[in-house]
Amino acid sequence: MNILIHPTYFPSIAQCVAIAQAKSLTFEINDNYQKQTYRNRSYIYAANGKLQLSVPVIHSHKERQLYKDVKISQTENWQLLHWKSLESAYRTSPFFEFYADDLQPLFELKSEFIFDHNIKCFEVIAECLQLDITTNFSTKFEKTPEKLTDYRGLTNARKEQNIDLQQYNQVFTEKHGYINNLSVLDLLFNEGTNALPYLEAQKLP
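Residues numbered from 1 in each chain as written. Predicted model: local features only at pLDDT ≥ 70, side-chain atom pairs only at ≥ 80, totals over all residues. Heavy atoms only, no water.

Asks: Quick rundown of the nonpolar core? Include the residues and the values.
Replies: If you look at the biggest cluster of nonpolar residues, it comprises 69 residues, and the most contacted ones within it are F10, L86, L103 and L199. Here this core takes ten residues from helix α4 (residues 114–129), the largest share from any one element. Contacts of F10, omitting those with residues within four sequence positions, involve S42, L103, L106, F107, C121, I125, S183, V184 and L185. (Core = buried A, V, L, I, M, F, W, Y, C linked by side-chain atoms within 4.5 Å. Buried < 20%, exposed > 50% of the residue type's maximum accessible area, 1.4 Å probe, protein only. Helix = DSSP H or I, 4+ residues; strand = E, 2+ residues; numbered from the N terminus. Contact = heavy atoms within 4.5 Å.)

Asks: With reference to specific residues and values, describe empty space enclosed by the protein.
Replies: Under the counting rule described, the total for this entry stands at one cavity of 30 Å³ or more. Its boundaries defined by the atoms lining it, the largest cavity holds a volume of some 50 Å³. I5, H6, P7, T8, P11, Q15, I19, F27, N118 and F122 together form the lining of the largest cavity. Taken together, the elements giving at least two residues each to the lining of the largest cavity come down to α1 (13–20) and α4. Residues belonging to the lining of the largest cavity are distributed by class as follows: six nonpolar, four polar and no charged. (1 Å grid on protein atoms, 1.4 Å probe; cavity = no way out; pocket = protein on both sides within 12 Å on 5 of 7 lines; lining within 4 Å. Points joined across faces, edges and corners; volume = space filled by probe spheres on them. Nonpolar A, V, L, I, M, F, W, Y, C, P; charged D, E, K, R; others polar.)

Asks: Explain the packing of aromatic side chains to me, using residue names and the numbers behind them.
Replies: Taken as a whole and judged by the stated rule, the model has 18 aromatic pairs. Aromatic side chains F95 and F98 sit 6.5 Å apart centroid to centroid with 85 degrees between the ring planes, which places their arrangement in the edge-to-face category. R39 extends its terminal NZ or CZ atom over the ring of Y67, reaching a point 5.2 Å from the ring centre. (Phe/Tyr/Trp six-rings, centres within 6.5 Å; stacked < 30°, edge-to-face > 60°. Lys NZ or Arg CZ within 6 Å of the ring centre and 35° of its normal.)

Right, dumping it as structure tokens:
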């Protein structure tokens, strides 16, 4: 299966299921930026429940703006806040320390564009998962791709409730129950080297 997907900020587990089961991965680079998506946000499991981590971006006054042209706002220290949130949420998880050294540089990296930053996040996540996959970039926008399986819809954060994933152990399950389809970071910190077999075993609708 050759898939088409949007690069997102620490992708959701559902996105990673599609990626882990694909033969090759093409990143959509020719689409317009849309709000309310995983392009600039991810969700983790914190002590008080589901927590959104958002990357501040500079919105254009134009009606449409290409995703690859959207810049990150540097007016606030969002990276430090995100890293502290991850430390607070996952320091007691089985594998946080195992992956921390690989991930922390991403929270010191000064990327100009959100698209580029998301690609770098994906590259590190792929290394953590020990995921070997061929990646490409789209050459034109196709509303209905002819040669690729279209998983761009997984970028829409509002549709996540439609995806039923197998439960795994989460740090705060006893407090708030199981939370479905968080960032793949949640899976990594809780399942470690079992994360990739987990992704390969799931089914998407």
